[in-house]
Amino acid sequence: MENVDTAHEVYLSGLKNAHAMETQALSIMQPQLNRLESYPDMSAMLSRHIRETEGQIARLEQILDGINESASGLKDTMLSFTGSMAALAHTVAPDEVLKNSLANFAFENFEIAAYTSLITAAQLSGASSAIPLLEQNLEEERQMAAWIQDNLSAVTQQYVTLRASGQRADI
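Note that the coordinates shown come from a computational prediction; the quantities given were computed from them, not determined experimentally.

With respect to the side chain of Glu111
Then comes step 1: Tracing the backbone through its elements, the reader meets Glu111 in helix H4 (residues 96-125).
Then comes step 2: One buried charged residue, Glu111, remains without a salt bridge, the closest side chain of opposite sign being Arg59 at 10 Å.
Then comes step 3: Residues in contact with Glu111, not counting those within four places in the same chain, are Met21, Glu22, Ala25 and Glu141.

Below, the structure is given as structure tokens:
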């Protein structure tokens, strides 16, 4: 019984952390999307993933509601703020699009790890009804990470081509 109680605590904390993480993701991606000019494929994928992230937040809220819990407003606010600051920090870089691509790839892999751990905590705590929703979030993160990985070379090539031709390449 003690393990199940501990697993439930870990699971609950993980749900709130995941909600804050997804809130942070939105605060990172939206400013990037607003600035993208020369990378239409990336813009389309970011736009799609923003919609997916909004769905992920809704699924996490559905899970939290189902156990009479709510997201942590403090965690959401703090991570949203740090996400906005991270996005802002790259805007002054001459290679903003590359820095964003690398940071996004790292963040997607962080999300993959977070959902993998959260699914394990859900299993250990007996929260089996939440697992399909969490697995859906995990799959969307895997798809985004794969897209970034598959397109990083092309983005880098496009950046170099634009910059070499004297065009604005950072966004």
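Regarding the layout of surface pockets
Then comes step 1: Of the pockets and cavities examined, the largest pocket occupies roughly 190 Å³.
Then comes step 2: Sorting elements by how many residues they give to the lining of the largest pocket places helix H1 (residues 2-35) first, with 6 residues.
Then comes step 3: Here the residues of the lining of the largest pocket sort into 8 nonpolar, 4 polar and no charged.

Some remarks on the pattern of salt bridges
Then comes step 1: In the structure shown here, the tally under the stated rule is 5 salt bridges.
Then comes step 2: The partner of Arg48 in a salt bridge is Glu52, with the nearest N and O atoms 3.1 Å apart. Placement of both Arg48 and Glu52 in helix H2 (residues 40-66) is noted, with a separation of 4 residues, approximately one turn of the helix.
Then comes step 3: On the basis of relative accessibility, which here comes to 31%, the residue Arg48 falls in the partly exposed class.
Then comes step 4: Given the relative accessible area of 13%, Glu52 is considered buried.
Then comes step 5: Where Asp95 meets Lys99, a salt bridge forms, and the shortest distance between an N and an O atom there is 2.8 Å.

Comments concerning H4
Then comes step 1: Here H4 contains 30 residues, and its C-alpha end-to-end distance of 42 Å stays within 8% of the 44 Å for a straight helix at 1.5 Å per residue.
Then comes step 2: The positive-phi residue at the C-terminal boundary of H4 is Gly126, with phi of around 85°.

Calculation criteria
In this convention, every chain numbers its residues from 1, walking through the sequence in written order. Only residues with pLDDT of at least 70 get local features here, since the model is predicted, and only at 80 or more are side-chain atom pairs given and counted; chain-wide, interface and lining totals rely on the full set of residues. Hydrogens are left out, water is left out, and the side-chain values use all remaining heavy atoms of the structure. Secondary structure is summarised from DSSP: a helix means a run of H or I of at least four residues, a strand means a run of E of at least two, and numbering begins at the N terminus for each. Each residue is assigned to one of three classes by its accessible area relative to the maximum for its type, calculated with a 1.4 Å probe on protein chains only: buried under 20%, partly exposed between the two thresholds, exposed over 50%. Counted charges follow a simple rule, with Lys and Arg positive, Asp and Glu negative, and His plus the chain ends left uncounted. Any carboxyl oxygen of Asp or Glu within 4 Å of a side-chain nitrogen of Lys or Arg constitutes a salt bridge here. In what follows, residue pairs with any heavy atoms lying within 4.5 Å of each other are defined as contacts. Buriedness of a pocket was judged along seven lines, with at least five required to meet protein on both sides within 12 Å; pockets are open sets of points on a 1 Å grid over the protein atoms alone, cavities are sets where a 1.4 Å probe fits but cannot get out, and lining residues have an atom within 4 Å of a point. Grid points are joined across faces, edges and corners, and a volume is the space filled by probe spheres set on the points. Polar here means any residue outside two lists: the nonpolar Ala, Val, Leu, Ile, Met, Phe, Trp, Tyr, Cys and Pro, and the charged Asp, Glu, Lys and Arg; Gly therefore counts as polar. In this analysis, the expected span of each helix is defined as 1.5 Å times one less than the number of residues it contains.

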